[in-house]
Amino acid sequence: MDPLDRVVKPKTKRAKRFLEKREPKLNENTKNAMLIRGGNANLTVTAVLKDIYAVKKPFAVLYKKKNITRPFEDQTSLEFFSKKSDCSLFLFGCHNKKRPNNLIIGRMFDYHVLDMIELGVEKFVSLKDVKPSVGFIFSPETWHLLFLNTLSDFFRGPTVPSIRLAGLEYVLHFTAVDGKIYMRSYKVLLKKSGCKIPRIELEEMGPSLDLVMRRTHLASDDLYKLSLKQPKALKPKKKKNISHDVFGTTYGRIHMQKQDLSKLQTRKMKGLKKRPAEKLAEDGGATPKKSKSA
């Protein structure tokens, strides 16, 4: 029996809070990532892992010791580390003659590998080596759907209700051109513009990566469907008689009983008063005679 699978009863309040944090929730915590060095990682791969950790922290765990494993052949080590550190994302770095400067980025579900992509680093500029320079512009191509989903999951931060402009300090930019992926990171500079809204400039700060896609590992259909399942409490309830147009405007339909407009109370005006002839027509033409006073 796996020691991590046994049922543990907390003995202290700290242990109780630790286990409650790992329990399933309707709104899950921010996803953590683990960065692992392979058994033959070189200086370039190690520097990439350190820079990605600097961008990703505090939602990341960096394993400094080398781990001899091959994720595409054996995934038990990744699943063990995922359960130990409570991480649902991973970045594994290794290096060999056949696949130099190799990175494997992937996602976990229920402490099992869901999918992963193998990338090769062709060019790397460290976070320490970058000086202020002009940003790069590329023509985007059609993105690989799996890689786009994996990147959005890996670098996504906590969900916030609103964003303060001065609190937006860094920008990560990914571009796909001619089968290659370019990662650029910029620092946001707010300059005076003479009005309330400042002028924004981008200053390259690193890390800068030129990547090429190598191998992919897709999740099985059953596991992928299970990972997309949402609890009933989070599913929006369908509201009757409410529709939306293409611009997002909400329309509501109200059901009312048939109204008698003749009894509708309107504003009293002289022009709207009934004439004596109209009153006679409504009463059937008979008018009561006035009695003479004695």
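The structure we're discussing is the one just above.
Attention in this report is confined to the structure presented alongside it. (Residues numbered from 1 in each chain as written. Predicted model: local features only at pLDDT ≥ 70, side-chain atom pairs only at ≥ 80, totals over all residues. Heavy atoms only, no water.)

## Thoughts on the layout of surface pockets
The following threshold applies: Residues are said to line a cavity or pocket when one of their atoms sits within 4 Å of a point; the points come from a 1 Å grid over protein atoms alone, cavities being sets where a 1.4 Å probe fits but cannot get out and pockets being open sets with protein on both sides within 12 Å along at least five of seven lines. Grid points are joined across faces, edges and corners, and a volume is the space filled by probe spheres set on the points. Secondary structure elements follow DSSP: runs of H or I of four or more residues count as helices, runs of E of two or more count as strands, with numbering from the N terminus. Any residue outside Ala, Val, Leu, Ile, Met, Phe, Trp, Tyr, Cys, Pro, Asp, Glu, Lys and Arg is labelled polar, Gly included; the first ten of those are nonpolar and the last four are charged.
Each pocket or cavity is described by its volume, and for the largest pocket that value is around 1900 Å³. Around the largest pocket sit 44 residues that line it, and Glu28, Asn29, Lys31, Ser88 and Phe109 are the ones nearest its centre. For the lining of the largest pocket, the secondary structure elements donating two or more residues are helix H1 (13-22), strand S2 (60-67), helix H3 (76-85), strand S4 (102-109), helix H4 (145-154) and helix H5 (221-227). Split by residue class, the lining of the largest pocket holds 19 nonpolar, 13 polar and 12 charged. Reported here for the second largest pocket is a volume of approximately 810 Å³.

## A word on the nonpolar core
Here is a general trend for soluble globular proteins: nonpolar side chains tend to be buried in one another's company. Here is the rule: We define the nonpolar core as a collection of buried residues of types Ala, Val, Leu, Ile, Met, Phe, Trp, Tyr and Cys that are connected through side-chain atoms lying within 4.5 Å of one another. For the exposure calls, accessible area comes from a 1.4 Å probe over protein chains only, and a residue counts as buried if that area is under 20% of its type's maximum, exposed if over 50%, partly exposed in between. In what follows, a contact means two residues having at least one pair of non-hydrogen atoms within 4.5 Å.
Within the largest apolar cluster, 23 residues are counted, with the highest numbers of intra-cluster contacts made by Ile52, Leu91, Leu103, Phe154 and Leu211. Apart from the residues within four sequence positions on either side, isoleucine 52 is in contact with Leu35, Leu91, Phe154, Phe155 and Met183.

## Some details on the pattern of salt bridges
Formally: The working definition used for a salt bridge is a side-chain nitrogen of Lys or Arg within 4 Å of a carboxyl oxygen of Asp or Glu.
One pass over the structure, following the stated rule, counts 9 salt bridges. Measuring nitrogen to oxygen at the nearest pair gives 2.3 Å for the salt bridge that ties arginine 199 to glutamate 201. Classification of glutamate 201 by relative accessible area gives partly exposed; the value is 29%. Connected through salt bridges with shared partners, the residues Lys31, Arg107, Asp115, Asp153 and Arg156 form a single ionic network.

## Here we look at the packing of aromatic side chains
Applied cut-off: When two rings of Phe, Tyr or Trp (its six-membered ring) have centres within 6.5 Å they constitute a pair, described as stacked for plane angles under 30 degrees, edge-to-face for angles over 60, and tilted for the intermediate range.
On inspection of all chains with the given rule, the structure shows 4 aromatic pairs. Ring geometry for tyrosine 63 against phenylalanine 81: centres 4.9 Å apart, planes inclined by 50°, an arrangement best described as tilted. Taken together, the residues tyrosine 63 in strand S2 and phenylalanine 81 in helix H3 connect sequence positions 18 residues apart. Both residues of the pair, tyrosine 63 and phenylalanine 81, count as buried.

## Section: unusual backbone geometry
In this structure, the amide linkage connecting lysine 57 to the following residue, proline 58, adopts the cis form with an omega of 15°. Summarising the element assignment, proline 58 is placed in the loop between helix H2 (43-56) and S2. The backbone of aspartate 86 sits at a positive phi, close to 55°, despite the residue not being glycine. With respect to the helices, strands and loops of the structure, aspartate 86 is situated in the loop between H3 and strand S3 (89-94). In this structure, aspartate 110 is a non-glycine residue whose phi angle is positive, near 55°. Looking at the secondary structure, you find aspartate 110 in the loop between S4 and strand S5 (112-125).

Read these as geometric descriptors, not functional statements.
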